[in-house]
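# Structural characterization, general
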Amino acid sequence: MRQARCTLVLAALVLGLTTAPTFAERNLVPTLERRFTVCPDRPAEPVWMQEIPLRQAYQRVLVQDIYRAHNLERIVETGSCDCETRFPSWDAAEAVFRESYASDERWEMLEASDAYNRRANAARTAGKAICDAAGNW
């Protein structure tokens, strides 16, 4: 009985190894190239944000949070979710960062990120409904 069980396990293992390549035919090689199905022509983050040292990544996160909050709030205010409204230039978010936060300490930037996340989350449900209707979510 034990030998029959071992034979079944071995057969299952062999069968699994011989059929595995049919499941692994997809190309799973990661790429840094970003492709979007919604608003594919969205502007890229500013170069300085992409090249920021890891120890200062909180600055990049703050600009991203400002960008997200402002965009969701603008969608709700205008009732429009065209690509220019949902993904505008990064200039306004960068300007807010430079004028209000660039000289702040790390902990102050983290607090500001938290506040912008709360603002974005407050606008998210209404913004998502508008963007769903427009096909841009």
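See the structure shown above.
Attention here is on the structure that accompanies the text. Because the structure is predicted, anything quoted here is derived from the model rather than measured. (Residues numbered from 1 in each chain as written. Predicted model: local features only at pLDDT ≥ 70, side-chain atom pairs only at ≥ 80, totals over all residues. Heavy atoms only, no water.)

## What to know about the pattern of salt bridges
With the rule as written, the count across this model stands at five salt bridges. As a salt-bridge pair, R60 and E45 come within 2.5 Å of each other at their nearest N and O atoms. Of this pair, R60 sits in helix α3 (residues 57-78) while E45 is found in the loop between α1 (2-23) and α2 (47-50), placing the two residues 15 residues apart along the sequence. Notably, a salt bridge pairs R98 with E94, separated by 3.3 Å at the nearest N-O pair. Of the two residues, R98 and E94 both sit in helix α5 (residues 91-100), four residues apart, roughly one turn of that helix. Given a relative accessible area of 48%, R98 falls into the partly exposed group. (Salt bridge = Lys/Arg side-chain N within 4 Å of Asp/Glu carboxyl O. Helix = DSSP H or I, 4+ residues; strand = E, 2+ residues; numbered from the N terminus. Buried < 20%, exposed > 50% of the residue type's maximum accessible area, 1.4 Å probe, protein only.)

## Looking at the packing of α3 against α5
Taken N-terminus to C-terminus, the directions of α3 and α5 make an angle of 125°; their axes are 9 Å apart at the nearest point. As the angle between them shows, α3 and α5 are arranged oblique. Regarding α3 and α5, the two cross each other, and that crossing is right-handed. Residue-level inspection shows Q59, L62, V63, I66, Y67 and H70 of α3 in contact with α5, the latter providing A93, E94, V96 and F97. For the contact of α3 with α5, the residue count by class is seven nonpolar, two polar and one charged. (Axes fitted to C-alpha atoms, helices over the stretch in contact; angles between N-to-C directions. Parallel < 35°, antiparallel > 145°, perpendicular 65-115°, else oblique. Left-handed = near helix turned anticlockwise from the far one by under 90°. Contact = heavy atoms within 4.5 Å. Nonpolar A, V, L, I, M, F, W, Y, C, P; charged D, E, K, R; others polar.)

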